[in-house]
Amino acid sequence: MGEELNRRKFLTYVGTGVTALTVASAGLGAFTPKVVEAKGAKAASHLFGRNKKVSGVNFKPIKPTDKDDLVLPRGFKYDVIASYGDVINKKGETFGYNNDFTMFFPMKGSNERGLLWVNHEYTSDLWVTGPKKDGKYTKDQIEKLLYNQGGSIIEVYKDDGVWKMDTESEFARRITGLTPFKLTGPAAGAKAVAGAHTVQGTFANCSGGKTLWNTVLSAEENYESTSKDALLNETHYGWIVEVDPFNKGFSPRKHTALGRFHHENAAMGLTNDGRVAVYMGDDKTDACVYKFISKNKYIKSRKQANSVLLEEGTLYAANLSKGEWVALTLEAVQKKAAGNQEILTKFQTQADVLVHAHEAAILLGATPTDRPEDVEISPFDKSVFIAHTNNSKHGNIHGHITRFLEENDDLGSLTFDFEIFACGGRQSGFSAPDNLTFDSDGNLWTVTDISSSSVNKGVFSSFKNNGVFVIPTTGRNEGEAFQFASAPVEAELTGPCFTDDETTLFLAVQHPGEETEDRNNPTSMWPHRKGDNQPRPSVVAITGFHY
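Residues numbered from 1 in each chain as written. Predicted model: local features only at pLDDT ≥ 70, side-chain atom pairs only at ≥ 80, totals over all residues. Heavy atoms only, no water.

1. Quick notes on the overall build of the protein
Part 1 of the argument: The number of helices and strands found in the protein is eleven helices and 30 strands.
Part 2 of the argument: Taking all 547 residues of the protein together, the buried fraction comes to 59%.
Part 3 of the argument: The contacts in the protein between residues at least 6 apart in sequence include a share of 62% that link residues at least 24 apart.
Part 4 of the argument: Only carbon and sulfur atoms are counted for the fraction: they give 50% of the accessible area of the protein, which is about 21,400 Å². (Helix = DSSP H or I, 4+ residues; strand = E, 2+ residues; numbered from the N terminus. Buried < 20%, exposed > 50% of the residue type's maximum accessible area, 1.4 Å probe, protein only. Contact = heavy atoms within 4.5 Å. Areas by Shrake-Rupley, 256 points an atom, 1.4 Å probe, with all protein chains shown as cover.)

Encoded structure:
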């Protein structure tokens, strides 16, 4: 009983603005499969493809702090691998701005050398492009705007205990807002995208995922401002992008079958009958959770050729009140809109449905939620965790993490149940959960995204700077958050990614000193490099894990 009360203690803190959330939380932890709890280590070994490495929460949690540094528990350290503007290869290409999602690709199975994909989400007038002139950017400014978004592929290695970037790498390169991309799927060449088969660049890259065939999926999120400033067609952005870090001959592509919205990430798994399922969040208030299921089955021996699986299938959106996945098809939209000529005129093809996926989802009864950001599939029981960052319009100021349980533990199921797994707020010690990842002991790692304008102010004061938190998903500490890291001033920590042996955690430190107004008086100077004159978003490697 004591444990149950401990896990539900947040109920004494929630207000009337989150009444529905409070009701939903009544079953907190009720769906946790007992078999997983009983033999979690064995499941971890099987599902991760290696022995369990993490022995629970094996660090002394830190306290919230407003220090201008990346603060870690005693015994841990970080190495800055790459910062904005650093040269990444022999061609002289440079690391982009505001790094976000990271994904490590081992080279020859090594845990000490590999390729690191890094997203670059947006730029800064103060530190990158310079201010607009008469409300517009110049041609040179637009080039900087586009070049410093997209992604970086860098080669990283561990040398005498220190992680470094190999600037001589034959693989290191940039994928930017200037790189040609081909469109795949139903919207390619359609009127809905102005007939385009090829589009210019990727930008607003937030989180992402890794495919079963070892390529990266990068998510285009808040694309509107860049497409407007660069005078580009807005319908060419807001997609899931696929790139092969090892193969320059693999054409970068945007998969329109996965829908167009403010993509936070893409988490891939297999249905029980062998098809590919991709879960996605739409990061805006009152937006939906999505799932794509491929028409055809995954065949491991086909390797990167499996990319075609993302070109044909069905996109669904979640109706939480019914526990159903709603298929976003032209037939369903036209049936629902019968007699409404305005809607029927807008949705004439399946391409129209995909380009305007959010409108179609709401029309068909999908549930608007509180900024669904990262969505990740548990490698232990295939439950699906969703970080709902917050929604001040509904009184959900600090956000929560939802857990979907697909019927029969099948990612191909069209029905599900769900629970509120953890709730942000003073009682839990964290606010605004964002990116998620798992370790092999079933702990959920989450970073937080309190906006830089709100950090250390008002109801966010108790949390100090943004951080990294570890939340066990089974056992007596299930749902309890332990703080592992604290970000520099006004920064957000993003893209947590472990090496396979879990001895290194890669992490992106985004927008330190973002509220700076005067270049001569920055609010942060992290990473405090000698001779530097500005704060720099950077990717770090954290070590010190002992088992």
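2. Considerations on the pattern of salt bridges
Part 1 of the argument: One pass over the structure, following the stated rule, counts 20 salt bridges.
Part 2 of the argument: Two residues, R113 and D166, come together in a salt bridge whose shortest N-O distance is 3.2 Å. With R113 in strand β3 (residues 113-120) and D166 in the loop between β5 (162-165) and β6 (173-175), this residue pair connects regions lying 53 residues apart in the sequence.
Part 3 of the argument: As a salt-bridge pair, R275 and D273 come within 3.0 Å of each other at their nearest N and O atoms.
Part 4 of the argument: Relative accessible area serves as the criterion here: at 35%, D273 is assigned to the partly exposed category.
Part 5 of the argument: One network of salt bridges, with partners in common, ties together D86, R529, D532 and R536. (Salt bridge = Lys/Arg side-chain N within 4 Å of Asp/Glu carboxyl O.)

3. Here's the deal with the packing of aromatic side chains
Two measures describe an aromatic ring pair: the distance that separates the ring centres and the angle between the ring planes.
Part 1 of the argument: Scanning the model with the defined rule gives 27 aromatic pairs in all.
Part 2 of the argument: Grouped by ring-pair contacts, the aromatic residues F59, F76, W445, F484, F498 and F545 constitute a single cluster.
Part 3 of the argument: A cation sits over an aromatic face here: R174 above Y147, 4.8 Å from the ring centre.
Part 4 of the argument: Lying over the aromatic face of F105, K210 brings its terminal NZ or CZ to 4.5 Å of the ring centre. (Phe/Tyr/Trp six-rings, centres within 6.5 Å; stacked < 30°, edge-to-face > 60°. Lys NZ or Arg CZ within 6 Å of the ring centre and 35° of its normal.)

4. Remarks on the side chain of T211
Part 1 of the argument: Mapped onto the elements, T211 comes out in the loop between β9 (205-210) and β10 (216-220).
Part 2 of the argument: Its relative accessible area of 4% is what places T211 among the buried residues.
Part 3 of the argument: Separated by 2.7 Å, the side chains of T211 and T215 make a polar contact.
Part 4 of the argument: Among residues more than four places away in sequence, those in contact with T211 are L217, E242 and M268. (Polar contact = N/O pair within 3.5 Å; in protein donor to acceptor, adjacent residues only side chain to side chain.)

5. Regarding the pairing of strand β22 (residues 400-406)
Part 1 of the argument: When you tally the buried positions in β22, you get seven out of seven residues, the bulk of the element.
Part 2 of the argument: Alternating residues of β22 divide into H400, T402, F404 and E406 and I401, R403 and L405, and every residue in both groups is buried.
Part 3 of the argument: As paired elements, strand β21 (residues 384-388) and β22 share five bridges and run antiparallel to each other. Across the sheet, residue V384 finds its bridge partner in β22, namely F404.
Part 4 of the argument: Both β22 and strand β23 (residues 416-423) contribute to a ladder of seven bridges, which runs antiparallel. Counted as the bridge partner of I401 is A422 from β23. (Pairing = 2+ DSSP bridges.)

6. Observations concerning helix α6 (residues 139-147)
Part 1 of the argument: All of the buried residues along α6 are Q141, I142, L145 and L146. The buried residues of α6 occupy an angular sector of 130 degrees when the element is viewed end-on, so they sit on one face.
Part 2 of the argument: Along its buried surface, α6 packs onto α5 (125-129), β8 (198-200) and α7 (224-229). (Arc of directions from axis to C-beta.)

7. Remarks on the sheet that holds strand β20 (residues 372-377)
Part 1 of the argument: Strand order in the open sheet made by the four strands is β20-β21-β22-β23, with antiparallel pairing throughout. Whereas interior strands pair on both sides, the edge strands pair on one side only; in this sheet they are β20 and β23. With strand direction ignored, the average angle separating the axes of adjacent strands in the sheet is 20 degrees. (Axes fitted to C-alpha atoms, helices over the stretch in contact; angles between N-to-C directions.)

8. Here we look at the sheet that holds β9
Part 1 of the argument: In space, the six strands of this open sheet follow the order β8-β7-β12-β11-β10-β9, with mixed pairing throughout. Strands at the two margins of the open sheet, each flanked by one partner only, are β8 and β9. Neighbour to neighbour, the strand axes of the sheet diverge by 35 degrees on average, direction disregarded.
Part 2 of the argument: With three bridges connecting them, strand β11 (residues 240-243) and strand β12 (residues 253-255) associate as antiparallel partners.

9. Points about the nonpolar core
Part 1 of the argument: Among the nonpolar cores identified, the biggest contains 39 residues, and I81, L116, W117, I154, V156 and F506 are the most heavily contacted of them.
Part 2 of the argument: Excluding anything up to four places from it in sequence, I154 contacts I81, A82, I88, F95, G114, L115, L116, M165 and A172.
Part 3 of the argument: With 32 residues, the next largest nonpolar core counts Y290, Y298, A361 and L364 among its residues. (Core = buried A, V, L, I, M, F, W, Y, C linked by side-chain atoms within 4.5 Å.)

10. A few points about the side chain of T202
Part 1 of the argument: With respect to the secondary-structure elements, T202 resides in the loop between β8 and β9.
Part 2 of the argument: Here T202 falls in the buried class, since its relative accessible area comes to 2%.
Part 3 of the argument: Looking at T202, its side chain comes within polar contact range of the side chain of N205, at 2.9 Å.
Part 4 of the argument: Beyond its immediate stretch of four places on either side in the chain, T202 contacts Q149, G150, I175, T176, G177, F181, E220, V241 and K254.

11. Side note on unusual backbone geometry
Note: most peptide bonds trans; most residues except glycine with negative phi.
Part 1 of the argument: Residue W526 is joined to P527 through a cis peptide bond whose omega torsion reads 10 degrees.
Part 2 of the argument: A positive phi angle is found at D160, which is not glycine, with a value near 55 degrees.
Part 3 of the argument: Within the element layout of this structure, D160 appears in the loop between β4 (150-159) and β5.
Part 4 of the argument: One non-glycine residue, N456, lies in the positive phi region at around 65 degrees.
Part 5 of the argument: Residue placement: N456 occurs in the loop between β25 (443-448) and β26 (467-472).

12. Some details on a negative patch on the surface
Part 1 of the argument: A surface patch of negative charge is lined by E514, E515, E517 and D518.
Part 2 of the argument: Mapped onto the elements, E515 comes out in the loop between β29 (504-510) and β30 (538-543).
Part 3 of the argument: With relative accessibility at 33%, the residue E515 sits in the partly exposed group. (Patch = residues over 30% accessible without salt bridge, like charges linked within 9 Å, V, L, I, M, F, W, Y side chains within 5 Å. Lys, Arg positive; Asp, Glu negative; His and termini not counted. Charge placed at Lys NZ, Arg CZ, Asp CG, Glu CD.)

13. Examining the confidence of the model for the protein
Part 1 of the argument: On average, the protein scores 91 in pLDDT, and the residues at 70 or more come to 90%.
Part 2 of the argument: Scored below 50 in pLDDT, residues 1-50 shows 77 contacts in the model against residues more than four places distant or in partner chains. (pLDDT = per-residue confidence, 0-100.)

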